[in-house]
Amino acid sequence: MSVTSARATEVRPFSVEIPATDIEDLRARIAATRFPEKETVADDTQGVQLAPMRALARYWGSEYDFGRVEARLNALPQFKTEIDGLDIHFIHVRSAHEHALPLIITHGWPGSVVEMLSAIPLLSDPTAHGGDAGDAFHLVVPSIPGYGFSDRPSSPGWDPEHIARAWVELMKRLGYNRFVAQGGDWGAIITDQMGVQAAPELAGIHTNMPGAVPDEIFKLVSSGAPAPDGLSDEEKYAYEKLLFLYTKGIGYATEMSLRPQTLFGIADSPIGLAAWMLDHDKQSYDDIVPAFVDERPVGNLTRDEVLDNITLTWLTNTGVSSGRLYWESKLGFFDVKGVTVPTAVSVFPRELYQAPRAWAEQAYPKLIYFNEVARGNHFAAWQEPELYAAEVRAGFRTLR
């Protein structure tokens, strides 16, 4: 007979405390970086370029405020609770508005809860930011196992399906018997799995990276085949974006899905980690580089925002453990998962691919909202928090 202790289900307050010795070590490692020579081409077709990495290292090592990420996190209510043997770290912000809708938001890779920090006040206190009290949310923002301050799994089994079940347990443990879920990147896949499992407490989901690629399209594009005949202009555009991804754009995902433990370098070198994290997709890379080279951020992707995320990953030594989620998952990134709950979809123009409405309608039989927005990339909440918050509010409005 197994006995669940009170400690195992207890929700415990948490605050970030970063030892000064860890910061000193990080500064020393940045200063001691051995850079490679400059790329032999004038563009980024060989990968992350030398100039932005030198600029990043200069700023990170000498000007960046290493207390920023600790202060930003500690300004919010944080907690830990044990689920299936792992301590899960999460931010929990209850709205002051009486009829706020409980919402769990899941980040992705190479992100963290840092992605969501600027959006939290917009969603929990909309009246202070030009919104309506009727759009308020109680927010739960957990760190995926292996990321940030959540425990790192010591054995296999923490795949998106398992995390989805854990998130339902987390929400129920917090006293929420009706809630909604939102996510992008891995957060979108985990949220889709919540929609597949369709717990009775889950009223609906919102995604900004829909799993909407039809099976026949997914098979063709993943094999590198050219676009088939009969596609609409929107579908052709989506196909070409997907074809680029599967042939040239997701090398990082291939490495981590096959051999994540090989990446010792990103656990030993902070600049190596930074380069690995910047090389997620071309659109995001193009939007992040100006913040370091020209001090010209695109949206909210400032130098400090980007370095908050990298610093958190370095200080928690979760570069390798976060990558293991790619190895754990047997799901496709963009294919249809079988969601059965009400679903809202927001399409950002610089996302990895732009899902046509026709695909979304097939993938999500209870599609309650679909909108294509004017700006923003893969890191929607991070880069465009106001626009992201407006989309989340609109997407869930009919479920209140």
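The structure displayed is predicted, hence computed values, not measured ones.

1. Digging into the environment of Glu161
Residue placement: Glu161 occurs in helix H6 (residues 160-173). Spatially, the C-alpha atoms of Glu161 and Phe348 are 25 Å apart, while their sequence positions differ by 187 residues. Setting aside its immediate chain neighbours within four residues, Glu161 contacts Gln193, Gln197 and Leu331.

2. Describing the pattern of salt bridges
Under the definition given, this model contains 18 salt bridges. Across the pair Asp44 and Lys282 runs a salt bridge whose closest N-O atoms are separated by 3.1 Å. Residue Asp44 is located in the loop between helix H2 (20-31) and helix H3 (50-62), and its partner Lys282 is located in helix H13 (residues 282-293); the two are separated by 238 residues in the primary sequence. Asp294 is the salt-bridge partner of Arg296, the closest N and O atoms lying 3.4 Å from each other.

3. A closer look at unusual backbone geometry
Note the cis peptide between Trp109 and Pro110, where omega equals 5°. Inspection of the secondary structure puts Pro110 in the loop between strand S4 (101-106) and helix H5 (120-124). Positive phi values are uncommon outside glycine, yet Asp84 reaches one of about 50°. Inspection of the secondary structure puts Asp84 in the loop between strand S2 (78-83) and strand S3 (86-93). According to the relative accessible area criterion, Asp84 is exposed, its value standing at 56%. Even without glycine at this site, Asn317 takes up a positive phi of about 50°. Judged by relative accessible area, Asn317 falls into the partly exposed class, the value being 40%.

4. Regarding the layout of surface pockets
Regions of empty space are outlined by a rolling probe, equal in size to a water molecule, passed over the atoms. Of the volumes computed, that of the largest pocket is approximately 430 Å³. Along its surface, the largest pocket is lined by 19 residues, and Phe244, Lys248, Gly249, Asp279 and Lys282 are the ones closest to its centre. Counting residues per element, the ones that place at least two in the lining of the largest pocket are helix H9 (233-249), helix H10 (251-258) and H13. Take the lining of the largest pocket: its biggest share by element is five residues, from H9. The class makeup of the residues in the lining of the largest pocket is six nonpolar, seven polar and six charged.

Here is what the cut-offs are and how they apply
Residues numbered from 1 in each chain as written. Predicted model: local features only at pLDDT ≥ 70, side-chain atom pairs only at ≥ 80, totals over all residues. Heavy atoms only, no water. Helix = DSSP H or I, 4+ residues; strand = E, 2+ residues; numbered from the N terminus. Contact = heavy atoms within 4.5 Å. Salt bridge = Lys/Arg side-chain N within 4 Å of Asp/Glu carboxyl O. Buried < 20%, exposed > 50% of the residue type's maximum accessible area, 1.4 Å probe, protein only. 1 Å grid on protein atoms, 1.4 Å probe; cavity = no way out; pocket = protein on both sides within 12 Å on 5 of 7 lines; lining within 4 Å. Points joined across faces, edges and corners; volume = space filled by probe spheres on them. Nonpolar A, V, L, I, M, F, W, Y, C, P; charged D, E, K, R; others polar.

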